[in-house]
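What follows is each chain in one-letter form.
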Amino acid sequence: QVQLVESGGGLVQPGGSLRLSCAASGSIRSINVMRWYRQAPGKQRELVAAITSGDSTNYADSVKGRFTISRDNAKNTVYLQMNSLKPEDTADYYCNADIRRAGKGYFEQYWGQGTQVTVSS
């Protein structure tokens, strides 16, 4: 079974930093786009950042210049480096990836279980 597992969330003070990780496991042939979403209580889920297999990236305007998405293809892992954190960054963060399973000729979308990020003094 293919799974995505996030880690690295926690409590941090405003202006601080966190590094989120999301590792894919299972019988994986390849991974195309990997993404980070977030959802604050009572709000819609929003796309935070995305990275292609060719390392092209895009970011939500609210995090540009502060967050950096990257990937390690050898580890099937995507990262989100979060700097200069603000209280409004508080949310549950989810990773998402388009994954082609071993022996399959098509991609499927997978979601992680989420990790909490709280920015507060």
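Cut-offs applied
Residues numbered from 1 in each chain as written. Predicted model: local features only at pLDDT ≥ 70, side-chain atom pairs only at ≥ 80, totals over all residues. Heavy atoms only, no water. Salt bridge = Lys/Arg side-chain N within 4 Å of Asp/Glu carboxyl O. Helix = DSSP H or I, 4+ residues; strand = E, 2+ residues; numbered from the N terminus. Buried < 20%, exposed > 50% of the residue type's maximum accessible area, 1.4 Å probe, protein only. Phe/Tyr/Trp six-rings, centres within 6.5 Å; stacked < 30°, edge-to-face > 60°. Pairing = 2+ DSSP bridges. Axes fitted to C-alpha atoms, helices over the stretch in contact; angles between N-to-C directions.

Caption draft 1: Region of the structure containing the pattern of salt bridges. Taken as a whole and judged by the stated rule, the model has six salt bridges. Linking Arg-38 and Asp-89 is a salt bridge whose minimum nitrogen-to-oxygen distance equals 3.0 Å. Of the two residues, Arg-38 is situated in strand β4 (residues 28-39) and Asp-89 in the loop between β8 (77-82) and β9 (91-101); the sequence distance between them amounts to 51 residues. One exposure class covers both Arg-38 and Asp-89, and it is buried.

Caption draft 2: Molecular detail of unusual backbone geometry. A positive phi angle, near 50°, is found at Asn-76, a position not held by glycine. Inspection of the secondary structure puts Asn-76 in the loop between β7 (67-72) and β8. Of note in the backbone geometry, Ser-84 takes a positive phi value of approximately 50° without being a glycine. Secondary-structure assignment places Ser-84 in the loop between β8 and β9.

Caption draft 3: A look at the packing of aromatic side chains. Summed over the entire model, instances satisfying the criterion amount to one aromatic pair. Aromatic side chains Tyr-37 and Trp-111 sit 5.0 Å apart centroid to centroid with 45° between the ring planes, which places their arrangement in the tilted category. One end of the pair, Tyr-37, is in strand β4; the other, Trp-111, is in strand β10 (residues 108-111), and 74 residues separate them in sequence. On the basis of relative accessibility, which here comes to 32%, the residue Trp-111 falls in the partly exposed class.

Caption draft 4: Up close: the sheet that holds β7. Strand order in the open sheet made by the four strands is β1-β3-β8-β7, with antiparallel pairing throughout. Of all the strands in the sheet, just β1 (3-7) and β7 have a single pairing partner and so form its edges. When strand polarity is set aside, the average angle formed by the axes of neighbouring strands in this sheet is 15°. When strand β3 (residues 18-25) meets β8, the two strands line up antiparallel, connected through six bridges. In the sheet register, Cys-22 faces β8, and the bridge partner there is Val-78.

Treat this as a map of the structure, not an account of what it does.
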